[in-house]
Amino acid sequence: MIPNALHVNHQDSRLPDDRWKAHGIELQDWKTNGDHILLCPSSETMTRHVYGYGVGDWILRTMATLSTHTDRPIHVRYKPRGNGTSGPDAATIPLEDDLKNCHAVVTGMSIAAVQAVVAGVPVFSHDDAPTAPVGLTNLSGIEAPRYPDRQPWLNTLCHYQYTPAEIKSGMAYEFLQQSLDRSTKYGILPS
């Protein structure tokens, strides 16, 4: 549930950590000594929507830009697809394997970047991606990633995710109203 944006691409430090804690996911320490860069292109549909060209062109352009800023090896992880589904459930190689010894993940808007940040791997993504607040959006900084406090960001992401029961109960609508009030007062959401 994201008002006025494609993804939640801000963080609100005033939100509590209750929804994050309910997931029981361990936030891993930042990893600061990886060797390779992992490219995780978004789906073809998302890539065309955001960039105006396809995944193949995104990979070529991104690799060309990276080559001007680093000589690290670059691995490509395409969005897993199979058995009528996509994402982690369709993966034959777990993302965790590709994140081992990874310097940074580079993506447009892939959920792999969210998983990488939770696993402690720095990210570079599009300005409108959910990871923009905790990563960088300019590849010129590939050798100097950010390692910010992730808790306010995680709290924000969790406060924009609601179950069907929470939507039906009105909880999501109440939060949306409060969110819109905060955005007007604090200017935290895009218009």
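Residues numbered from 1 in each chain as written. Predicted model: local features only at pLDDT ≥ 70, side-chain atom pairs only at ≥ 80, totals over all residues. Heavy atoms only, no water.

Trainee: I would appreciate a short explanation of the pairing of strand β5 (residues 102–107) in the present structure.
Mentor: Side-chain positions along a regular strand alternate between the two faces of the sheet. Among the six residues in β5, six count as buried, and that is most of the element. Bridge count for strand β1 (residues 36–40) against β5 is five bridges, and the pairing is parallel. By the bridge assignment for β5, Ile37 is matched with Ala104. Bridge count for β5 against strand β6 (residues 123–124) is two bridges, and the pairing is parallel. Paired with Val106 across the bridge in β6 is Phe124. A crossover links β5 with its parallel partner β6, the connecting element being helix α5 (residues 111–118), and its sense is right-handed. (Buried < 20%, exposed > 50% of the residue type's maximum accessible area, 1.4 Å probe, protein only. Helix = DSSP H or I, 4+ residues; strand = E, 2+ residues; numbered from the N terminus. Pairing = 2+ DSSP bridges. Right-handed = clockwise from strand over helix to strand, strands pointing away.)

Trainee: Please clarify how the sheet that holds β1 should be interpreted in this entry.
Mentor: The pairing of strands in a sheet happens through backbone hydrogen bonds and is either parallel or antiparallel. If you trace the four strands from one edge of the open sheet to the other, you get β2-β1-β5-β6, paired in parallel fashion. Both edges of this open sheet fall to β2 (74–76) and β6, since each of them pairs with a single strand only. In terms of strand pairing, β1 meets β2 through three bridges, oriented parallel. The residue bridging Ile37 from the neighbouring strand is Ile74, located in β2. Helix α3 (residues 55–67) contacts β1, β2 and β5 of the sheet and is inclined by roughly 155 degrees relative to β1. (Contact = heavy atoms within 4.5 Å. Axes fitted to C-alpha atoms, helices over the stretch in contact; angles between N-to-C directions.)

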